[in-house]
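Architecture at a glance
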Amino acid sequence: MKMTGAKYMADIIKLIGNSHVFLMETSFWSTMHELQKLGLKRIICHTEKTAAYMADAYARVARKPGFVFCQSVGAANMAAAMQEPYLSNSPVVALTGKKDQIMQHRNSYQELNHMPLFDPVTKYNVAIETIEQLPLYFNQAIREAVTGNPGPAHLDMVNLLGFLDRSEGDFKGLADAEHLMVPAYRQAPDGRLIDKVAELIKQSARPVIIAGGGVNISDAGSAVTALAEKLDIPVATSVNGKGSISEEHRLSVGCVGNYCRNCANEIVSQADLVIYIGSHTNDQVTLNWTIPKPGVKIVQMDIEPTELGRNYLIDAGVVGDAGLCAEALADAASPTKNNEWVKQAESIVNRWRKEEDAVANSDDSPVRPERICRELEKVMPEDAILVSDTGHSAIWTCSRIDIKGKQTYLRPGGGSLGWGYPASIGAKCAAGERPVFCFTGDGGLWYHLTALETQLRYGIKTVTVINNNHGYGQGSSFRRQLFADSDFEHSNYEFGKMSSFTDIVSSFGAFSVRVEDPADLSKALRNAMESDKPAFVEVISDIKVETPAPWAP
């Protein structure tokens, strides 16, 4: 069908089912006009990073490609932001505009070669210079983003002033409907290899499943839970796999690795068989490759063949979609009972919970972060989405907040501080009526506080909980020791206590409340939830309270 490039791209984005796109001006005006006619909301941000982080969380919640646009001068900023969807396996499609090819390599204002910037942080990175290339490369970008291990794609288009998207061409739609959602093309596992895994489980006395981000990408939490129940196997998760099994389930032991529940590390270290389903075996999941211990039998099931055996010699490797692997293994294996092993794991978990209760119920003021997590866990509805920032925020929320029922947990897989707040806005754009909470610190919120204007302009309601310890808290004890004979620690890492987020966000028109007494925290959180505005709960905490070191063998 003959149409403009703008109409073609808008029609495809609408076909996929997107409700929002995210952008920085000033490219793709014609495309934005076509999207407006189709009823999609265009969220204009203040930085390329906030736009990309919103698209990242949108894609992860909506389970479909998220689209983000910017012009040439912003492409370098956009490339830096692509680290997050790349390391989180998030299907973001980034489009950057550039000047016509005749203007390249001639010192044109604001122009540089964008392609090397995007190479390390995308699955697919292509320049479009003619209208004939648009349907081929635009379709392929979407295919690359949603298939296999999902990840970002980038198209650099001759489109700074709309030259390309105003051009007409003969276009066709997507090749097939498989590319509308994640996961696409769910690959079934080899039955022979599944039988091998079943035999290893039969021979094992202390098996453990580690459910990774691939389980959440595949929406396979129920399949993994059913497998664990049939075979009576404890389940740990990676951080990206958090919530794939309800953390109130009797077989759930929590997150393992660096951002862990100590009970999970202890249990996995005692296992004689570790079954990774849709999980990397990187340093964060394995506590720098110390858990599981050397010599333990290892199984890996992953959609990406090159992940099998990447960091451990494995006893069995299965290529396939996480959900289909779990279902096939449940069908192939005979029901088992690991009574003593499960009781041992439950005992370790219960001991950990009892120890945590002492600090989670603390009445200390400044408020302990554990108490913030406990109160937030109590008020989050059963379908809530919790978006966490990185660093201390991720460690506190991973280890101290149970994700259960239909709740969802998101955090930055690349560890970019400041991701949490703009990501929560993008998550809400995809979430519909589901409530969205953000847990961040003052150090994280300062990164992208400009997103507050964007959030208010579009009326995107979330609840942001600020763990405000007036500084960069992670590593503060180490810095205090290192700089004990100087003022360096105080003057460089601790912020002025005159700053009040409550005053700042209230002046913009958002709901905000400041909490200094832990007894006031529950009411403050509930009032924030009931507000009809974007809401902030600023909790004053102590910078000297750090997350404890993870349990290590």
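**A closer look at the side chain of Asn149**
- Secondary-structure assignment places Asn149 in the loop between helix 7 (133-146) and strand 7 (153-158).
- Judged by its relative accessible area of 18%, Asn149 is buried.

**Observations regarding the sheet that holds strand 17 (residues 436-441)**
- Within the open sheet, the six strands sit side by side as 16-15-17-18-20-19. Their pairing is parallel. Sheet topology places strand 16 (408-410) and strand 19 (511-515) at the edges, where each strand pairs with a single neighbour. Ignoring which end each strand starts from, the neighbouring axes of this sheet average 15° apart.
- The pairing of strand 19 with strand 20 (residues 535-540) spans five bridges and is classified as parallel. Bridging from a neighbouring strand, Val513 pairs with Val537 of strand 20.
- In the packing of helix 22 (residues 501-508) onto the sheet, the strands contacted are strand 18 (463-468), strand 19 and strand 20, and the crossing angle to strand 19 comes to about 165°.

**A word on the packing of helix 1 (residues 5-16) against helix 7**
- In contact at an axis separation of 11 Å, helix 1 and helix 7 are set at 25° when each is read in the N-to-C sense. Classified by the interaxial angle, the pair formed by helix 1 and helix 7 is roughly parallel. Handedness of the helix 1/helix 7 crossing: right-handed. Each of Gly5, Tyr8, Met9, Ile12, Ile13 and Ile16 in helix 1 lies in contact with helix 7, whose residues at this interface are Leu134, Pro135, Phe138, Asn139 and Ile142.
- Class assignment of the residues belonging to the contact of helix 1 with helix 7 gives a composition of nine nonpolar, two polar and no charged.

**Quick look at the pattern of salt bridges**
- Tallied over the entire structure, the rule returns 23 salt bridges.
- The closest approach of N and O atoms between Arg192 and Asp190, which form a salt bridge, is 3.8 Å.
- For Arg192, a relative accessible area of 58% corresponds to the exposed category.
- Under the relative-accessibility criterion, Asp190 is labelled partly exposed at 35%.
- Arg371 serves as the salt-bridge partner of Asp363, at 3.0 Å between the closest nitrogen and oxygen.
- With a relative accessible area of 61%, Asp363 lands in the exposed category.
- Arg371 sits in the buried class, given a relative accessible area of 10%.
- The network of salt bridges with common partners includes Asp363, Arg371, Glu375 and Lys378.

**Overview of the pairing of strand 4 (residues 66-70)**
- Summarising burial for strand 4: five of the five residues are buried, a large majority.
- Burial of strand 4 is two-sided: the residues Gly66, Val68 and Cys70 facing one way and the residues Phe67 and Phe69 facing the other way are all buried.
- Strand direction decides the pairing type here: strand 2 (residues 20-23) and strand 4, joined by two bridges, are parallel. Looking at the pairing, Phe22 lines up with Val68 of strand 4.
- Taken together, the five bridges between strand 4 and strand 5 (residues 92-98) define a ladder with parallel strand orientation. Across the sheet, Phe69 pairs through a bridge with Leu95, a residue of strand 5.

**Details of the environment of Gly254**
- Residue placement: Gly254 occurs in strand 11 (residues 252-255).
- C-alpha of Gly254 to C-alpha of Gly241: the two residues are 13 residues apart in sequence and 9.9 Å apart in space.
- Residues in contact with Gly254, not counting those within four places in the same chain, are Val235, Ala236, Thr237, Glu247, Arg261 and Ala264.

**Re the pairing of strand 12 (residues 273-277)**
- The buried fraction of strand 12 is high, at five of five residues.
- What you see with strand 12 is no split at all: Leu273, Ile275 and Ile277 on one side and Val274 and Tyr276 on the other are buried throughout.
- In terms of strand pairing, strand 9 (residues 207-211) meets strand 12 through five bridges, oriented parallel. Residue Ala211 lies in a different strand from strand 12, and its bridge partner there is Ile277.

What counts, and at which threshold
- Numbers given for residues are sequential positions, taken from 1 along each chain in its written order.
- Given that this is a predicted model, residues contribute local features only at a pLDDT of at least 70 and side-chain atom pairs are listed and counted only at 80 or more, while totals for whole chains, interfaces and linings are drawn from all residues.
- Side-chain measures were taken over the full set of non-hydrogen atoms in the model, leaving aside hydrogen atoms and water.
- Secondary structure elements follow DSSP: runs of H or I no shorter than four residues count as helices, runs of E no shorter than two count as strands, and numbering proceeds from the N terminus.
- Relative accessibility thresholds used throughout: buried, under 20% of the residue-type maximum; exposed, over 50%; partly exposed, between the two (1.4 Å probe, protein chains only).
- Here a strand pair is declared whenever DSSP counts at least two bridges between the two strands.
- Between N-to-C directions, angles span 0 to 180 degrees; the directions come from axes that are lines fitted to C-alpha atoms, helices contributing only their stretch in contact.
- The contact definition used throughout considers only heavy atoms, calling two residues in contact when any of these lie within 4.5 Å.
- Any angle from 65 to 115 degrees is called roughly perpendicular, while one under 35 is roughly parallel, one over 145 is roughly antiparallel, and all others are oblique.
- Crossing handedness is defined as follows: a turn of the near helix away from the far one that is anticlockwise and smaller than a right angle gives a left-handed crossing, while the clockwise case is right-handed.
- Ten residues, namely Ala, Val, Leu, Ile, Met, Phe, Trp, Tyr, Cys and Pro, are considered nonpolar, four, namely Asp, Glu, Lys and Arg, are considered charged, and the remaining ones, Gly among them, are considered polar.
- Salt bridges are counted wherever a side-chain nitrogen of Lys or Arg sits within 4 Å of a carboxyl oxygen of Asp or Glu.

These figures come from the coordinates and say nothing about function on their own.
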